[in-house]
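# Analysis of the macromolecular model
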Amino acid sequence: MKLTIIGTGYVGLVTGTCFAEVGHQVICVDKDAEKVKVLQSGGMPIYEPGLRELVDKNVKAGRLSFTNSTAEGVAKSDVIFIAVPTPPMSDGSVDLSFMEGVSREIAQNMTSYKIVVDKSTVPVNTGDKVAETIKRYCKAKVDFDVVSNPEFLREGFAVEDFMKPDRVVIGVRSQRPVAAMRSTYEPFNAPIIVTDINSAELIKHAANSFLALKISYINAISVICEASGANVQEVANGMGMDTRIGRRFLDAGLGFGGSCFPKDLSAFIKISEQLGYDFRLLKEVQQINSSQMERFVKKITDTLWVLKDKTIGVLGLAFKQNTDDVRLSPAIDLCLHLQKEGAKLRVYDPQAMGKARAVLKDVTFVEDMNDVAEGCDALVVATEWPEFKNLDLEKARRALTHPILFDGRNMFDVKEMEKIGFIYKSVGR
Ligand code: UDX
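Residues numbered from 1 in each chain as written. Predicted model: local features only at pLDDT ≥ 70, side-chain atom pairs only at ≥ 80, totals over all residues. Heavy atoms only, no water.

A separate point is the site of the ligand. In the vicinity of the ligand, 20 residues are found, and the nearest of them are Phe152, Glu155, Asp251, Phe319 and Glu384. Between phenylalanine 152 and the ligand, the recorded distance is 2.6 Å, taken from a backbone N or O atom to an oxygen atom. At a separation of 3.0 Å, an oxygen atom of the ligand approaches a polar backbone atom of glycine 257. In isolation the ligand offers 670 Å² of accessible surface; the protein chains occlude 93% of this area. Of all the elements, helix H9 (residues 197-228) adds the most residues to the shell around the ligand, at three residues. Split into classes, the residues belonging to the shell around the ligand amount to nine nonpolar, three polar and eight charged. Two domains each provide a minimum of three residues to the shell around the ligand, namely domain 1 (2-190) and domain 2 (210-425). (Near = heavy atom within 4 Å. Polar contact = N/O pair within 3.5 Å; in protein donor to acceptor, adjacent residues only side chain to side chain. Areas by Shrake-Rupley, 256 points an atom, 1.4 Å probe, with all protein chains shown as cover. Helix = DSSP H or I, 4+ residues; strand = E, 2+ residues; numbered from the N terminus. Nonpolar A, V, L, I, M, F, W, Y, C, P; charged D, E, K, R; others polar. Domains from an automatic or database assignment.)

Bringing the sheet that holds strand E14 (residues 423-425) into the picture now. Spatial strand order, E11-E10-E9-E12-E13-E14: six strands in an open sheet with parallel pairing. Of all strands in the sheet, those bounded by a partner on one side alone are strand E11 (364-365) and E14. Relative to strand E10 (residues 344-348), strand E9 (residues 311-315) is paired through five bridges, and the arrangement is parallel. Bridging across to E10, glycine 313 finds its partner in arginine 346. Contacting E9, strand E12 (378-381), strand E13 (404-407) and E14, helix H12 (residues 280-304) crosses the sheet at an angle of about 170° to E13. Together, E9, E10 and E12 form the strand contacts of helix H13 (residues 330-340), whose direction differs from that of E10 by roughly 160°. (Pairing = 2+ DSSP bridges. Contact = heavy atoms within 4.5 Å. Axes fitted to C-alpha atoms, helices over the stretch in contact; angles between N-to-C directions.)

Attention now goes to the domain arrangement of the chain. In terms of domain boundaries, the chain breaks down into domain 1 (2-190) and domain 2 (210-425). Spacing between the C-alpha centres of domain 1 and domain 2 amounts to 34 Å. Taken together, the 17 residues of domain 1 in the interface contact 19 residues of domain 2. Contact between domain 1 and domain 2 buries roughly 1500 Å² in total, counting both sides, with carbon and sulfur atoms accounting for 53%. Taken together, domain 1 and domain 2 are joined by two salt bridges. Arginine 327 serves as the salt-bridge partner of glutamate 155, at 3.6 Å between the closest nitrogen and oxygen. The interface formed by domain 1 and domain 2 holds five residue pairs in polar contact (both at pLDDT 80 or more) in total. For the side of domain 1 that touches domain 2, a count of residues per class yields nine nonpolar, five polar and three charged. (Buried area = accessible area lost by both parts, 1.4 Å probe. Salt bridge = Lys/Arg side-chain N within 4 Å of Asp/Glu carboxyl O.)

So, about the environment of proline 403. Locating proline 403 in the fold gives a position in the loop between helix H15 (393-399) and E13. For proline 403, a relative accessible area of 26% puts it in the partly exposed group. Taking the C-alpha atoms as reference points, proline 403 and valine 235, 168 residues apart in sequence, are found 28 Å from one another. Among all residues touching proline 403, those that are not within four sequence positions of it are Arg397, Gly421, Phe422 and Ile423. (Buried < 20%, exposed > 50% of the residue type's maximum accessible area, 1.4 Å probe, protein only.)

The phi dihedral of lysine 141 falls on the positive side, at around 55°, and the residue is not glycine. The exposure class assigned to lysine 141 is exposed, which follows from its relative accessible area of 61%. Of note, the phi angle at aspartate 309 is positive, near 70°, even though the residue is not glycine.

Of the two faces of E13, the one holding Ile404 and Phe406 and the one holding Leu405 and Asp407 are both buried throughout. Of the crossover connections in this fold, the one passing from E12 over H15 to the parallel E13 is right-handed. Note that E13 and E14 share three bridges and pair parallel. Bridged to isoleucine 404 within E14 is isoleucine 423. (Right-handed = clockwise from strand over helix to strand, strands pointing away.)

This part takes up the packing of aromatic side chains. Taken as a whole and assessed by the stated rule, the structure comprises 12 aromatic pairs. Every member of this aromatic cluster is reached through a ring pair, and the members are Phe19, Phe81, Phe162, Tyr185 and Phe188. A cation over a ring is seen here: arginine 167 above phenylalanine 152, with NZ or CZ 3.6 Å from the ring centre. The ring of tyrosine 113 has arginine 176 sitting right over it, with the charged end atom 3.6 Å from the ring centre. (Phe/Tyr/Trp six-rings, centres within 6.5 Å; stacked < 30°, edge-to-face > 60°. Lys NZ or Arg CZ within 6 Å of the ring centre and 35° of its normal.)

Moving on to the packing of H9 against helix H11 (residues 261-274). The N-to-C vectors of H9 and H11 enclose an angle of 120°; their axes lie 9 Å apart at closest approach. H11 is crossed by H9, and the crossing has left-handed handedness. Across the interface between the two elements, Leu202, Lys204, His205, Ala206, Asn208, Ser209, Leu211, Ala212 and Ile215 from H9 touch Phe261, Asp264, Leu265, Ala267, Phe268 and Ile271 from H11. Residues that form the contact of H9 with H11 fall into these classes: 10 nonpolar, three polar and two charged. (Left-handed = near helix turned anticlockwise from the far one by under 90°.)

If you look at soluble globular proteins, the nonpolar side chains tend to sit buried side by side. With 62 residues, the main nonpolar core has Ile300, Ile312 and Leu334 as its most contacted residues. Residues in contact with leucine 334, not counting those within four places in the same chain, are Leu254, Met293, Phe296, Val297, Ile300, Val380 and Ala382. Formed by 38 residues, the second largest nonpolar core is a distinct cluster that contains Leu51, Phe81, Phe162 and Phe188. (Core = buried A, V, L, I, M, F, W, Y, C linked by side-chain atoms within 4.5 Å.)

Next comes the structure, spelled out in structure tokens:
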């Protein structure tokens with residue numbers, strides 16, 4: 001298939017690259033000329049495991065190219081994917097101006113039948129608006145179809161998620177684009193759900209909100225565990241073995257962050273409100289998420305009492321493992337809380353220090369995780385990077401002025417930590 005992807009952010013770049021990897025001919029379009037130059041010269045604007053190698057391979061094979069010309073992208077392909085940002089506005093609703101702009105540009109450049117596929121996360125009914133816009137701005141009055149094909153990839157595992165999807169959702173208004181969409185996804189051997197556009201759009205918000213709900217649920221359980229002497233990991237394991245529930249997304253901690261869950265929750269609450277439903281359940285999910293952070297900060301202040309002039313080492317700045325993304329990162333939020341209380345910070349992250357420098361001021365960035373504890377009054381684990389399990393705990397205990405470790409991601413075994421001599425406080429255990 002000849003495919004064009006408009007927008008080379010996390011979703012667009014992974015989508016284009018993985019489509020090329022399975023043999024399609026792909027053009028990635030971005031209006032940011034600098035970014036296109038970086039990509040054309042073999043650079044990589046984001047950190048995503050495995051992506052750089054795949055981009056190199058497919059560019060060399062002649063299946064993947066980059067341009068900032070939408071006209072070229074529209075002219076050369078039959079299927080055009082829109083993967084542009086849909087950022088939140090101050091009231092929680094979604095800013096669809098990029099969607100609208102790209103829809104117009106596609107329309108103005110269309111001279112033959114095109115399938116326009118929305119991959120960005122959008123409110124239900126957006127497909128109708130895209131179709132109206134294309135119809136209005138298409139000078140040549142050519143035929144087209146709008147398709148909704150939401151993306152479920154996780155940052156840090158994006159390539160893996162794209163290559164091995166649990167399911168592919170395709171929302172259509174007519175049968176005409178179905179065969180082409182099936183061919184596009186056929187190499188992935190995944191179940192394909194063909195449904196109407198509104199349902200496809202809703203699947204994305206409903207799924208993400210449910211996952212966020214699952215995390216808040218286990219975080220609420222962690223509060224009960226702490227109050228009753230139970231262990232939230234044991235509870236999660238026992239719950240998770242019920243195949244109706246499943247163990248994934250039942251890890252208690254500092255709460256969820258990132259560029260998707262917080263935004264999608266607010267958007268879904270707003271969309272529901274506009275449709276006449278007060279989604280109080282999801283408001284509570286948000287509430288639990290923010291109180292989880294407050295409770296953790298309180299755990300630190302209850303132990304250290306006054307934070308002013310104390311030094312705290314923080315392991316992890318990314319919003320989760322395997323990414324350099326610090327957008328709405330609970331780890332950054334925690335750092336800001338600690339700074340507000342007057343603490344000095346020594347911080348480390350395997351990938352996110354570059355991006356963290358833009359949002360964290362007056363902290364010491366440490367290049368080796370085993371040096372973070374040096375001279376600190378306490379150490380905090382804020383992101384679930386697997387390498388933190390290999391921390392030299394003996395060294396950290398000796399380096400700390402007091403052997404106190406707050407584990408916001410339940411990385412270590414409670415008994416083991418106490419045996420080493422730590423005052424060890426984690427979440428829900
Ligand atoms: C999410 C969805 O998983 C993905 O399907 C969608 O397309 C985009 O949003 P992402 O934001 O990349 O992906 O991260 P994810 O791995 O889902 O984690 C989100 C947040 O939840 C992170 O802050 C993570 O630390 C937290 N989390 C996750 C928990 O606190 N506990 C868990 O059990 C799982």
